[in-house]
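Results of the structural survey
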Amino acid sequence: MHQLTKLAFVLSCALSVTPVLAEEQHAHWGYEGDVAPANWGKLSDEYAVCGNGKNQSPVDIHSAVKARLAPLATAYQAGGDQILNNGHTIQVIYEAGSHISIDGAAFTLKQFHFHAPSENLIAGRSYPLEVHLVHADEAGNLAVVALMFNEGKANPLLQTLWAQMPAKAGDKVALNKSVNVADLLPKDKHYYRFAGSLTTPPCSEGVRWLVLKKPMTASKQQIEQFAKLMGHPNNRPVQTLGARQIVE
Ligand SMILES: [Zn+2]
């Protein structure tokens, strides 16, 4: 898919008012039954790469090559203004003005959303919760920063978000105070990097993945509250790494 089309898709899905609207435009997909991840590639020509792609996400991160990557450079400010239940995840929509720098280019944060259990694995290990921070540069290239959560101390930002997340798929509400995604992140921003894809249809490739090494914590109750609202796991299984190399 063309980069701008891909970005338009990500944004249109992010901004869809109801899942019914989204389904008129794109084949219905999910995590269970006939529309489960194993069948995504067959649901629509538009999703073919979900089945035959060579650089698909998520992956099991292992055998990383030491490349002395500099810690992630973030310039985040408060800007998470709306929270959406799109039927596949809970997503916080971000206003322009927050960036990361990769390969000398600025990637603007568009939205962040959650998966339970985690999609990526680290050395074969699954985590109970993973957040994806989705960024795009001016050309529409995507970069996702992923962060794992272990069960432990309650997370204050999740407390704020979960208190306002819409229970019904398709509903979007304004947060009563703009949130700053920086409040979710660890101080230590070392990461693994590899090439991958969107983890949901259309599974478009060419996505820069940066998975932070240091997990944060969320309470058992917070993890359960999200899982219960989703009603089923919302993680795509890990995909073959193939010829790809992971660097750290
Ligand atoms: Zn995701």
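What you see is a predicted model; the values in this text were computed from it and never measured. Along each chain, numbering runs from 1 in the same order as the chain's sequence is written. Where local features are concerned, this predicted model is filtered to residues with pLDDT of at least 70; where side-chain atom pairs are given and counted, the filter is 80 or more; whole-chain, interface and lining totals use all residues.

We now examine the overall build of the protein. A run of DSSP states H or I qualifies as a helix once it reaches four residues; a run of E qualifies as a strand once it reaches two. Both are numbered from the N-terminal end. From N to C terminus, the protein includes six helices and 13 strands. It is over C-alpha atoms that the radius of gyration is taken, and the globule rule equals 2.2 Å times the number of residues to the power 0.38. A compact globule built from 248 residues should have a C-alpha radius of gyration of about 18 Å, and the protein, at 17 Å, falls within 12% of that. With the C-alpha coordinates of the protein rotated into their principal frame, the extents come out at 45 × 40 × 35 Å. Expressed as a percentage of the 248 residues in the protein, the buried residues total 40%. Residues are treated as contacting if the C-beta atoms built from their backbones sit within 7 Å of each other. Summarising the internal contacts of the protein: among those between residues at least 6 apart in sequence, 69% fall at separations of at least 24. Three classes are used. A residue is buried when 20 or more other C-beta atoms lie within 10 Å of its own, exposed when 12 or fewer do, and partly exposed in between, with C-beta atoms placed from the backbone.

Before going further, it helps to spend a moment on the pairing of strand β5 (residues 99–102). Relative to β5, strand β2 (residues 73–75) runs antiparallel, the two sharing three bridges. Within the sheet, the bridge partner assigned to T74 lies in β5 and is I100. Pairing analysis gives four bridges linking β5 to strand β6 (residues 105–115), with the strands arranged antiparallel. Paired with I102 across the bridge in β6 is A105. At least two DSSP bridges between two strands are needed for those strands to be called paired. Counted along the chain from β5 to the antiparallel partner β6, the turn is two residues long, and its residue D103 has a positive phi close to 50°.

What follows concerns the environment of E130. For E130, the location among the structural elements is in strand β8 (residues 129–136). For E130, a count of 24 C-beta atoms within 10 Å corresponds to the buried category. For the pair E130 and Q222, spaced 92 residues apart in sequence, the C-alpha separation works out to 13 Å. E130 has contacts with H115, S118, E119, N120, A146, L147 and M148, leaving out every residue within four places of it along the chain.

By our criterion, buried Ala, Val, Leu, Ile, Met, Phe, Trp, Tyr and Cys residues that link up through C-beta atoms within 7 Å make up a nonpolar core. Ranked by internal contacts, the top residues of the largest apolar core, which has 56 residues, are L129, L133, V144, V145, L147 and V211. The leading source of residues in this core is strand β9 (residues 142–151), at eight residues. Excluding residues within four positions of it along the chain, L147 makes contact with E130, V131, L184, L185, L212 and M216.

Relative to the helices and strands, L84 resides in strand β3 (residues 80–85). Of the residues examined, L84 has 24 C-beta atoms within 10 Å and is grouped as buried. Between the alpha carbons of L84 and A182 there is a distance of 19 Å; along the sequence they are 98 residues apart. Each residue touching L84, except ones within four places of it in the same chain, is listed here: Q91, I93 and K172.

With six of seven residues buried, strand β11 (residues 191–197) is to be regarded as a mostly interior element. Here seven bridges tie β11 to strand β12 (residues 205–212), and the two strands are oriented antiparallel to one another. Paired with G196 across the strands is V207, a residue of β12.

This brings us to unusual backbone geometry. A cis amide bond links S57 with the next residue in sequence, P58, at an omega value of 0°. Within the element layout of this structure, P58 appears in the loop between α4 (48–52) and β1 (60–61). With an omega of 15°, the peptide bond running from P201 to P202 counts as cis. Here C203, not a glycine, exhibits a phi torsion of approximately 55°, which is positive. In this structure, C203 sits in the loop between β11 and β12.

Our next topic: helix α6 (residues 220–230). Spacing of three or four residues puts side chains on the same side of an α-helix, whose turn is 3.6 residues. For α6, every residue scored as buried is listed here: Q222, I223 and F226. For α6, the arc enclosing every buried residue in end-on projection is 100°, short of the 170-degree limit, so these residues lie on one face. Residues of α6 that are exposed and point over 90 degrees away from its buried face: K220, Q221 and K228. In the segment just after α6, G231 is the residue with positive phi, at about 85°. Summarising the geometry, the arc corresponds to the directions from the helix axis toward the C-beta atoms.

Across the protein, pLDDT averages 92, with 90% of residues at or above 70. Scored between 0 and 100, pLDDT is the confidence that the predictor attaches to each residue. Counting interchain partners and residues more than four positions distant, the pLDDT-below-50 stretch residues 1–5 has seven contacts. Scored below 50 in pLDDT, residues 11–23 shows 17 contacts in the model against residues more than four places distant or in partner chains.

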